[in-house]
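# Analysis of the macromolecular model
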Amino acid sequence: MICLLTKKFKTKNISATINKYAAENDSSPLEFSFNVNEVDTYIKTVSEKSFVLYNEDINHYYSEHDKMINEHVELKQMYTITVKKESKKIIKLIYSIDFSIDNTTPVIILYPESQIPYKKYQPKEIYLLLLKELNNIKAVNNILVNIFDGQMKEKLKTFIKYLYSDKFVSKIKIPLFNGIKVEIRRSSKLVMKFMQKENTHQVIEVNAGEVLVEFIKPVFGKNGFNAFGDIIDNGYLENNDDLKCYIDDKSIEIIENDDKKSYISKIKGYVHFDKENFYIDNKLKMQRLSRVQDSVAKEENNNIEVVISQSDSSLDSLGEGVQLTSETIHIHGHVGAKSSLKAVNLTIDGATHKDSAQEAKFATINRHKGKLRCHSAKIKLLEGGEVHATNVEIENSLGGVIYAENVTVGHVKSNLKIYASNSINIKLVSGEDNLFKINYKDIPTLNSRYNFITQEIDDLKYKLEGALKHTPADVPVLKKQINELKEQQDKIVNGVRHAQIAITEPLRGLNTITFTLADGKEITYKTDTRAYKPFYLVESEDNITLHPTDKKISL
């Protein structure tokens, strides 16, 4: 063995000392080894404000654990080491260290790939060489040396016998330090409250202010003492079972006291939790939603966006029987049979099944075959589907039924029925057997609105009767409210007088135009293959005529 460089140091951080020395000599720290020549132990107790050098036999004086705990002993060590740059070491251990959760009982794990030349030395010599190596390993890892190491020495002696019997063929564990474990009256516990919702939903929706996770801190009976010379108390161990991942402080608030630590959602949204991150987001992305997951959310106005994207075009993004409710839903694929969607903003890039249902305030659908109820609908292709809305815009239609106040269609082929109250605007009708009808009674939403207004008028009339007797000052306000509601009803009933059906391009076949009056009388016209100016009603003293035809009915 040739030593090229040798120097002594006094240090409490062996790794830092070797790194600095190697850098000063333009070398790698891996080229150096060291030996611990002397260890100075410093102690601090309840009677000392700072660490002082301890020259007594600490193993003897503190042989009783209770005495050590009662005096709140803390230990630190300073090492005198010799650093060497050498070509080869006598012993080269391949190992790992398991420090244990509380660092009271660290164990070194020796692997049979280690180089121990026991055949060249006597057992006692190998014992001393291994003891020195273990103490070096302890010192470089800041594990107390020459303190509470009785088990280590006994296990090392057993290992020597094992070694000389040629039985070191699998890994061996040797305790490096025998500390004092804490006495725990109540163990710590991590309660994942948000996961209780996982049984009924594929994803977990939470409200603002909802407790997501609670970490119940441990309660200690007696303190402990670890391999680094530290007292183990509530403050030292309380976070061992706590969340280890990154917590997003923008969406999750942490409230902590002596008893527990609570993780509380700042916003309403979906929980994202894995080994690395924990946050709440109002945008959810998934590949597919199936019936076995039941539903994603319960409320429509939840400020949450759901995006479902299925890369396999042969599969439905939204499986059969699924019920999905959220403020914003975007489905990139198809919607399966018997499924139900409810949203404020709904986008479907694929097709809706004929047995599916959708409800939204604003809906944009690529191919619609199901049943849609919304305020505003934009559909690229109506393929036999049903639409109930206030305003509808359709690029192309292959049959279907529309109930709305205002309807705009680009290209109509055949078998489309449009029931509107205000307007129907079509660019091209290339097929036949289409019905374009103005009649508010055919539109369920307008009927419901009319009936609701009637109920409100009845309620106000009842209040008016009371006001005439008891509070005359309220009478003008109530009469005004009643008149305003009657005007709304009149606008619904007589909307036909101002309604219009416009078809830009010449018609190519037989189709039906119908206007229904307030009293139920109808004016119906069968179209020819020709162009027409807009259809609307012209009222005179004696009759009502359907412009631009000569169809009329008497008043």
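Structural data are supplied above this passage.
Residues numbered from 1 in each chain as written. Predicted model: local features only at pLDDT ≥ 70, side-chain atom pairs only at ≥ 80, totals over all residues. Heavy atoms only, no water.

An ideal rise of 1.5 Å per residue puts 27 Å on 19 residues; helix α8 (residues 475-493) measures up with 27 Å between its terminal C-alpha atoms. Residues of α8 that are buried include every one of Val-475, Leu-478, Ile-482, Leu-485, Gln-489, Ile-492 and Val-493, and no others. Take α8 and look down its axis: the buried residues cluster within an arc of 110°, on one side only. The outward face of α8, more than 90 degrees from its buried face, is lined by the exposed residues Pro-476, Lys-480, Glu-487 and Lys-491. Looking at the buried positions of α8, the neighbouring elements they touch are α7 (444-470). (Helix = DSSP H or I, 4+ residues; strand = E, 2+ residues; numbered from the N terminus. Expected span 1.5 Å × (residues − 1). Buried < 20%, exposed > 50% of the residue type's maximum accessible area, 1.4 Å probe, protein only. Arc of directions from axis to C-beta. Contact = heavy atoms within 4.5 Å.)

Ordered by their spatial adjacency, four strands build an open sheet running β10-β18-β19-β15, and the pairing between neighbours is mixed. Looking at strand neighbours, the two that pair on one side only are β10 (205-206) and β15 (246-247), the edges of this open sheet. Bridging between β15 and strand β19 (residues 277-281) involves two bridges; their strand directions are parallel. From the neighbouring strand, Ile-247 faces β19, where its bridge partner is Phe-278. (Pairing = 2+ DSSP bridges.)

Attention shifts here to the side chain of Asp-248. Here Asp-248 is to be found in the loop between β15 and β16 (252-256). Polar contacts involving the side chain of Asp-248 include one to the side chain of Ser-251, which spans 2.7 Å. Beyond its immediate stretch of four places on either side in the chain, Asp-248 contacts Phe-278 and Tyr-279. (Polar contact = N/O pair within 3.5 Å; in protein donor to acceptor, adjacent residues only side chain to side chain.)

On to empty space enclosed by the protein. Applying the stated rule across the entire model yields one cavity of 30 Å³ or more. What the largest cavity holds in volume is close to 30 Å³. Lining the largest cavity are Met-68, Ile-69, His-72, Val-73, Asn-223, Gly-224, Phe-225 and Ile-231. Listed by contribution, the elements that provide at least two residues to the lining of the largest cavity are α3 (65-70) and β13 (224-225). (1 Å grid on protein atoms, 1.4 Å probe; cavity = no way out; pocket = protein on both sides within 12 Å on 5 of 7 lines; lining within 4 Å. Points joined across faces, edges and corners; volume = space filled by probe spheres on them.)

Our next topic: the nonpolar core. Grouped together as the largest cluster of nonpolar side chains are 49 residues, with contacts concentrated most on Val-392, Ile-402, Ile-418, Ile-426, Phe-436, Ile-513 and Phe-515. A per-element tally of this core places strand β32 (residues 416-429) first, with six residues. Those residues within four positions of Ile-402 in sequence are excluded, and the remaining contacts are Leu-382, Val-387, Val-392, Ile-394, Val-407, Leu-416, Lys-417, Ile-418 and Tyr-419. One finds Ile-91, Ile-126, Met-152 and Phe-177 within the second-largest nonpolar core, a separate group that totals 37 residues. (Core = buried A, V, L, I, M, F, W, Y, C linked by side-chain atoms within 4.5 Å.)

All right, on to helix α4 (residues 123-140) then. Here α4 is 18 residues long and its end C-alpha atoms lie 26 Å apart, about the 26 Å a rise of 1.5 Å per residue gives. Of all the positions in α4, only Ile-126, Tyr-127, Leu-130, Leu-131, Glu-133, Leu-134, Asn-135, Asn-136, Ile-137, Lys-138 and Ala-139 are classed as buried. Of the residues flanking the end of α4, it is Asn-142, one or two places downstream, whose phi is positive at about 60°.

Let's shift gears to the pattern of salt bridges. Scanning all chains against the criterion turns up 21 salt bridges. We note a salt bridge from Lys-354 to Asp-355, for which the minimum N-O separation is 3.4 Å. Owing to a relative accessible area of 43%, Asp-355 belongs among the partly exposed residues under this scheme. (Salt bridge = Lys/Arg side-chain N within 4 Å of Asp/Glu carboxyl O.)

Below, the discussion takes up unusual backbone geometry. His-547 connects to Pro-548 through a cis peptide bond whose omega is 5°. Along the chain, the position of Pro-548 falls in the loop between β38 (543-547) and β39 (552-554). For Asn-415, which is not glycine, the phi torsion reads 60° and is therefore positive. Within the secondary structure layout, Asn-415 lies in the loop between β31 (400-412) and β32.

A full pass over the atoms with the stated rule returns 16 aromatic pairs. Plain terms: the ring middles of Tyr-21 and Phe-32 are 5.4 Å apart, the flat faces sit at 65° to each other, and that makes the pair edge-to-face. Residue Tyr-21 is located in helix α1 (residues 14-24), and its partner Phe-32 is located in strand β2 (residues 32-44); the two are separated by 11 residues in the primary sequence. Neither Tyr-21 nor Phe-32 differs from the other in exposure class; each is buried. Consider the rings of Tyr-532 and Phe-535, whose centres lie 5.2 Å apart with planes at 35°: the pair is tilted. Just as Tyr-532 is buried, Phe-535 falls in that class too. (Phe/Tyr/Trp six-rings, centres within 6.5 Å; stacked < 30°, edge-to-face > 60°.)

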